[in-house]
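Structural description and commentary
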Amino acid sequence: MSKALLIKNGIVYDPLNGIDGERMDIAVKNGVIVEDVSGKDIEVIDASGMIVMPGGVDIHAHIAGSEVDAGRLLRPEDHIKDVEPKTPYTRSGVGYSVPSTWTTGYRYVRMGYTTVMNPSMPPLEARHTHEELNDTPIIDKATYPLLGDSWFVLEFLSRDMIEECAAFVAWMIKATKGYAIKLVNPGGLETWGFGGNVESIDDQVPYFNITPREIIRGLCKVNKLLNLPHTIHVHTNNLGKPGNYLTAIRTMDCVKDLADGERAIHVTHCQFSSFKGVDWATMESGADAIARYVNMHDHVTIDMGQVIFTDTTTMTADGPFQYGLHLLTGNKWVNHDVETETSSGIVPFRYRPKSIVHAVQWCIGLELALLIKEPWKVFVSTDHPNGGPFFKYPDVISWLMSEKARKTVMKKMRKAALKRTTLPSIDREYTFYEVAIATRAGPAKALGLENKGHLGVGAIADIAIYAINPENVNPSRDYKLIRNAFSRAAYTIKSGEIVVKDGKVVGYAQGKTYWVDVEISDEAMETIKMLGEVFKQYYTVEFENYPIPEDYLAASHRIPRKSGI
Amino acid sequence: MEIIILKPKREFKVPIFAECITPDILAGKTLSEIEKLPVIEGGKETNLCELFQIEGKTGSSPNDTKIKLVGDFSKVRCIGSEMTDGEIIVEGNAGLRLGEKMRGGRITVHGNAGSWLGTMMVNGEIEVFGDAGHYIGSSYRGAREGMRSGTIKVHGSAGSEIGNFMRGGTIIIDGCVDIFAGIHMQGGEILIRGDSAGRIGAFMRGGKIVLCGYTPSVLPSFTIEELRPKVKIAGERIEETFYLFIGDHADEGNGKLFISKDRNPHLKHYERFL
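Bear in mind the structure is a predicted one, so any value in this text is a computation, not a measurement. Going along each chain's sequence as written, the residues are numbered from 1 onward. The lettering of chains begins at A and the numbering of ligands begins at 1, in the order of writing. Per-residue local features are limited, in this predicted model, to residues with pLDDT of at least 70; the limit for side-chain atom pairs, both in listing and counting, is 80 or more; totals at the level of whole chains, interfaces and linings are taken over all residues. In computing side-chain values, all of the structure's heavy atoms are included and hydrogens and water are not.

**Observations concerning the overall build of chain A**
Runs of H or I in DSSP of at least four residues are treated as helices and runs of E of at least two as strands, each being numbered from the N terminus. Within chain A one finds 18 helices and 26 strands. With the principal axes as the frame, chain A shows a C-alpha extent of 65 × 60 × 50 Å. The buried label goes to any residue with under 20% of its type's maximum accessible area, the exposed label to any with over 50%, and the partly exposed label to all in between, with areas taken from a 1.4 Å probe on protein chains only. When each of the 565 residues of chain A is scored for burial, the buried share is 64%. The contact criterion used is simple: two residues touch if any of their non-hydrogen atoms lie within 4.5 Å. Put simply, of all contacts in chain A between residues at least 6 apart along the chain, 78% involve residues at least 24 apart.

Below, the structure written as structure tokens:
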């Protein structure tokens, strides 16, 4: 077992416990934060003049699964420019927009991130996803099965059989070792199976008597019934199309009455859903409208989906959107249809500051983060790798903390682009406390992760220490220091083990895979068993062979939940 | 011009990555400094002097440095990569990726060259007196940026997919080529004096290919435009009748494909579309 640790004199930011830059000591024993440690065998870390935060939590990053793997195969030219040789503690690997699994883990912990959520796992390809997650070192992870276009879900919901649907979803999450319900372009992916797409949340899905609105509402009810830790995680319809900010607002609004004062929906990579205008020539930012809605309603959380000006690989389960992108860029394209469940697509993409559309996209992400008053509602993400690779988060943090940093980027853009957004007039700058919320405490709370994202007694000892002193450094002027500090953590502690020192990986800790096990009644279980026959007709896999056993995960962390069915 | 001579000390069994053998890196260095330069043999890093016998000296700048490689260098990769000036002469065979991303200067091979000759080349000159491998002047796997400018001349034959994603510059092959010459080509010129194994110009969007020899067939996505009595390419005029095809329409391309009439009598049926 690991040594006890004492982190002395650090300047602690722990928003979930209301600690805002206090100088204090943190004690760690047996991988958990404790009141105090005593005895001889204690390793003391002198963190004086450094920031101590909980380990970062990424709510949305495509790091594993079949589509990421297809992306790796598609982009050898992406790997050759970023090769990491092996060190005594790390394996060799390649990087950039679709890094190899080991490199992914190392790069996250080097930034002080310790928990990463892999969204959009086609349930049928769960086994592959978990194999890759098993090989993603150090970080804790979880994955969201795609359920928004599953035939079973559509059939149950079109007949208004919420309880049966809930039983199916509970079984599916358990079978695929998932964590939350992910909806990608609900209804649209099924329509893509016939070469089309839905254009609003009230369009009919072919061959199913259902609309996207009914799917979103139905799965939101299911989510409540099953008492899942996270809300539904939604990639909206019409993503990446001018004028789609209205779709995003309608999507958020359609579950308002189901919230009961709690959170009901997480709209992911919201930047891609905040375009105003009628076509690409008139496309402008709709972030202010979205921000106004989010400010006025408490049932919504979003993440940014910030764009980075670089060469990246876009990959989503949103097949029709990716096809549009392929037509737009002429780049190579991968399209995939996952039996009765979902679709996916991959297209390499380069964001350029001189392009008006890309520049406006860059502005929208930051506008969302800066116009939404409460950082508990908006989290840092680049929708890795769609907006840019995750190891550019320190850049995003520096833009949030410094108007000057934003201005330097905006200088590279065309004036016409800046007229289409309100970003040049925003002077808000995040504080370290707000950054700690947007990168750690907020996502942990939204995900319902207990014992994570904070440094209170009993929390898992995932700690990031950054070599920057908030007393001497003015983040708005010295944004480069911020960027450097956040990209190379002075220390990262994962479950009580020191895994990173001065930006270099120096240790190993087994990262766990989190999954939710919802307990359902025997009656509900009978419904599932009856599905076996239908399963035979629909799937290439036998019902009995479909679930993944728990011992398939290298390190399983089961989260039991009691449900209302 | 100062000359430095490298000779292999033994026969190489595994690939060697010697990106340091360029006038840019060797220029201005003393012999003892050059001997210490790192190279990778198989999976292990060693020094240049472990593998090669080094004689002579280098000039103060790349443009008065000549590197002479004497012996079999067919296992040595990345010679002259990113060189900007100066000269490399290989008296023997050269390995893969010779002159990769080359920006200027001249490389001459008095033997055969491997595949990926002059990939992503920006400028400069390469001349091979023997045969060359596949992917001459092409892009890296998966990328769309091939050769941009400069000249590659091969006096022997070449392999398949030469000029893949080529954007500019000239490739001249005196011998024959394998399939898919000029695939995905976007600009530049390819002159093939020998025969082609077929599928020439697949997915080409622009540029010019001249084939003086035989090809089994032309891809169905090309259309015949006219008969030309002569063709000008790479500064020379070829007095011979050519079929001019435009394509590849499968990729909305507008490339020009000239194919010799005399050597391809089986393409006569295209003439009825004229």
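**Points about the packing of helix α5 (residues 151–158) of chain A against helix α8 (residues 212–226) of chain A**
Residue and element names in this part refer to chain A. Axis separation between α5 and α8 bottoms out at 10 Å; the angle between their running directions is 95°. When the axis of α5 is compared with that of α8, the two are roughly perpendicular. Between α5 and α8, the residues in contact are V153, L154 and L157 and E214, I215, G218 and L219, respectively. Side-chain classes are defined by residue name, with Ala, Val, Leu, Ile, Met, Phe, Trp, Tyr, Cys and Pro counting as nonpolar, Asp, Glu, Lys and Arg as charged, and the others, Gly among them, as polar. When the residues that make up the contact of α5 with α8 are grouped by side-chain class, the tally is five nonpolar, one polar and one charged. Where helices are involved, their axes are fitted lines through C-alpha atoms of the stretch in contact, as for all axes, and angles between N-to-C directions lie from 0 to 180°. Roughly parallel covers angles under 35 degrees, roughly antiparallel covers those over 145, roughly perpendicular covers 65 to 115, and oblique covers all other angles.

**Here we look at the pattern of salt bridges**
Pairing between side chains becomes possible if they bear opposite charge and their charged atoms approach one another. Residues and elements named next belong to chain A. What counts as a salt bridge is simple: a side-chain nitrogen of Lys or Arg found within 4 Å of a carboxyl oxygen of Asp or Glu. In this structure the tally under the stated criterion is 37 salt bridges over all chains. For E77, the salt bridge is made with R75, and the minimal N-O distance between the two is 3.2 Å. Given a relative accessible area of 14%, E77 falls into the buried group. Notably, a salt bridge pairs K377 with D298, separated by 3.0 Å at the nearest N-O pair. You can see K377 sitting in the loop between α12 (356–371) and β20 (378–379) and its partner D298 sitting in the loop between α10 (287–296) and β16 (300–303), a full 79 residues away along the chain.

**Quick notes on the confidence of the model for chain B**
Residues with a pLDDT of 70 or more make up 100% of chain B, whose mean pLDDT is 95. Scored as a complex, the prediction yields pTM 0.91 and ipTM 0.80. Within a predicted model, pLDDT stands for the predictor's per-residue confidence, ranging from 0 to 100.

**Looking at the sheet that holds strand β11 (residues 182–184) of chain A**
All names here are of chain A. Only strands that DSSP links by at least two bridges are regarded as paired with each other. Taken in spatial order, the five strands of this open sheet run β11-β12-β13-β16-β20, and their pairing is parallel. One side of each edge strand has no neighbouring strand; the edge strands of this open sheet are β11 and β20. Alignment of β11 against strand β12 (residues 232–235), held across three bridges, turns out to be parallel. Opposite L183, over in β12, you have V234 as the bridge partner.

**Things to note about the sheet that holds strand β17 (residues 311–316) of chain A**
Residues and elements named next belong to chain A. The strand order across the open sheet built from three strands is β17-β19-β18, with neighbouring strands paired in antiparallel fashion. At either end of the open sheet lies a strand with only one pairing partner, and these are β17 and β18 (334–338). When the angles between neighbouring strand axes are averaged without regard to direction, this sheet yields 15°. Direction of pairing for β17 relative to strand β19 (residues 342–350): antiparallel, over a ladder of six bridges. By the bridge assignment for β19, T313 is matched with P348. Helix α1 (residues 66–74) contacts β17, β18 and β19 of the sheet and is inclined by roughly 35° relative to β19. The strands touched by helix α11 (residues 319–329) within the sheet are β17, β18 and β19, with β19 carrying the most contacts at an inclination of about 30°.

**Thoughts on the pairing of strand β13 (residues 189–192) of chain B**
Residues and elements named next belong to chain B. Pairing between strand β12 (residues 170–173) and β13: four bridges, direction parallel. Residue pairing for β13: I172 is matched across the bridge by L191. Two strands pair when backbone bridges link them, and β13 and strand β14 (residues 208–211) are joined in this way by four bridges, in the parallel orientation. Within β14, the residue paired with I190 across the bridge is I209.

**Some remarks on helix α9 (residues 245–253) of chain A**
Within the span of α9(A), buried status applies to A:Y245, A:T247, A:A248, A:I249, A:T251 and A:M252. Looking at the packing, one finds that the buried side of α9(A) touches α8, β12, β13 (265–267), β14 (275–276), α10 and β16 of chain A.

**With respect to the packing of α9(A) against α10(A)**
Residue and element names in this part refer to chain A. Their axes nearest at 9 Å, the elements α9 and α10 cross at an angle of 10°. Here α9 is positioned roughly parallel relative to α10, judged by the angle of their axes. The interaxial crossing formed by α9 with α10 has right-handed handedness. Counting all contacts with α9, which are made through Y245, A248, I249, M252 and D253, the residues of α10 involved are A289, I290, Y293 and V294. Taken together, the residues that form the contact of α9 with α10 break down as eight nonpolar, no polar and one charged. Helix crossings are classified by the rotation of the near helix relative to the far one: an anticlockwise turn of less than a right angle makes the crossing left-handed, while a clockwise turn makes it right-handed.

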